[in-house]
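So you can see what is in the structure, the chains are spelled out below.
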Amino acid sequence: DEVLRITYGEGADIIFENGAAKTLRKSFECVAFGGMISCIGYLSGKEDDVGDRASTNVLALMRNVTLKGLLNGPKDRFEEMNEFFAKYELRPVVDRTFEFDEAKEALQYLYSGSHFGKVVIKVV
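The model shown is predicted, which means the values in this text are computed figures rather than measured ones. (Residues numbered from 1 in each chain as written. Predicted model: local features only at pLDDT ≥ 70, side-chain atom pairs only at ≥ 80, totals over all residues. Heavy atoms only, no water.)

Draft legend 1. Summary view of the nonpolar core. If you look at the biggest cluster of nonpolar residues, it comprises ten residues: A12, I15, L24, F28, C30, V31, I37, L59, A60 and V65. The set of elements that each furnish at least two residues to this core consists of β1 (12–17), α2 (24–30), β2 (31–39) and α3 (56–62). Broken down by element, this core gets its largest block of residues, three residues, from α2. Residues in contact with I15, not counting those within four places in the same chain, are S27, C30, V31, M36, I37 and S38. (Core = buried A, V, L, I, M, F, W, Y, C linked by side-chain atoms within 4.5 Å. Buried < 20%, exposed > 50% of the residue type's maximum accessible area, 1.4 Å probe, protein only. Helix = DSSP H or I, 4+ residues; strand = E, 2+ residues; numbered from the N terminus. Contact = heavy atoms within 4.5 Å.)

Shown next as structure tokens:
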């Protein structure tokens, strides 16, 4: 309800879904038409509630939604990668950095495809 309220009923263009089975329906209910739900975890478990058996296909088709899975590796592999980068003094190529309140512009820039390297949004 809050997402729809602050987007004036439009819904969010992109949702990072980390609850999975027990929260996925809520994500479908507040995603914008043509939006994307990126599933990055399953904190609520891998099985939905018994009374909630709506087809994911039907939910996606109702709003022309793209459902995308994102894989994350374990923490030790992330730390190993960072050590490798530090050892060989590797730095990712950063094309452009945006302030947090410029996130919309950052995503538009990213989607334009004109960047070369990382597009960064500062959180702090």
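Draft legend 2. Seen up close, the side chain of S38. Summarising the element assignment, S38 is placed in strand β2. Those residues in contact with S38 that sit more than four places away from it in its chain are I15, F16, E17, K68 and L70.

Draft legend 3. Layout of the packing of aromatic side chains. Scanning the model with the defined rule gives two aromatic pairs in all. Ring centres 4.8 Å apart and planes at 50 degrees place the aromatic pair F84 and Y88 in the tilted group. Relative accessible area serves as the criterion here: at 47%, Y88 is assigned to the partly exposed category. Seen in terms of ring centroids, F98 and Y109 are 6.0 Å apart; in terms of plane orientation they differ by 50 degrees. Their pairing is tilted. In this pair, F98 sits in strand β4 (residues 94–98) while Y109 sits in helix α5 (residues 103–112), placing the two residues eleven residues apart along the sequence. Judged by its relative accessible area of 3%, F98 falls in the buried class. (Phe/Tyr/Trp six-rings, centres within 6.5 Å; stacked < 30°, edge-to-face > 60°.)

Draft legend 4. Summary view of the sheet that holds strand β3 (residues 66–69). Strand order in the open sheet made by the three strands is β1-β2-β3, with parallel pairing throughout. Taken across any chain shown, the strands that pair with only one partner, and hence form the sheet edges, are β1 and β3. Taken over all neighbouring pairs, the strand axes of this sheet differ in orientation by 15 degrees on average, direction set aside. Pairing of β2 with β3, which is carried by four bridges, proceeds in the parallel orientation. What sits directly across from C39, in β3, is G69. (Pairing = 2+ DSSP bridges. Axes fitted to C-alpha atoms, helices over the stretch in contact; angles between N-to-C directions.)

Draft legend 5. Expanded view of the pattern of salt bridges. The tally for this structure, following the rule as stated, stands at four salt bridges. E2 serves as the salt-bridge partner of R5, at 2.6 Å between the closest nitrogen and oxygen. Here R5 and its partner E2 are both found in helix α1 (residues 2–6), three residues apart, which amounts to about one turn of the helix. Residue classification places E2 among the partly exposed positions, given a relative accessible area of 47%. E80 is paired through a salt bridge with R77; the nearest N and O atoms lie 3.4 Å apart. Placement of the pair is E80 and R77 together in helix α4 (residues 75–87), with a separation of three residues, close to one helical turn. (Salt bridge = Lys/Arg side-chain N within 4 Å of Asp/Glu carboxyl O.)

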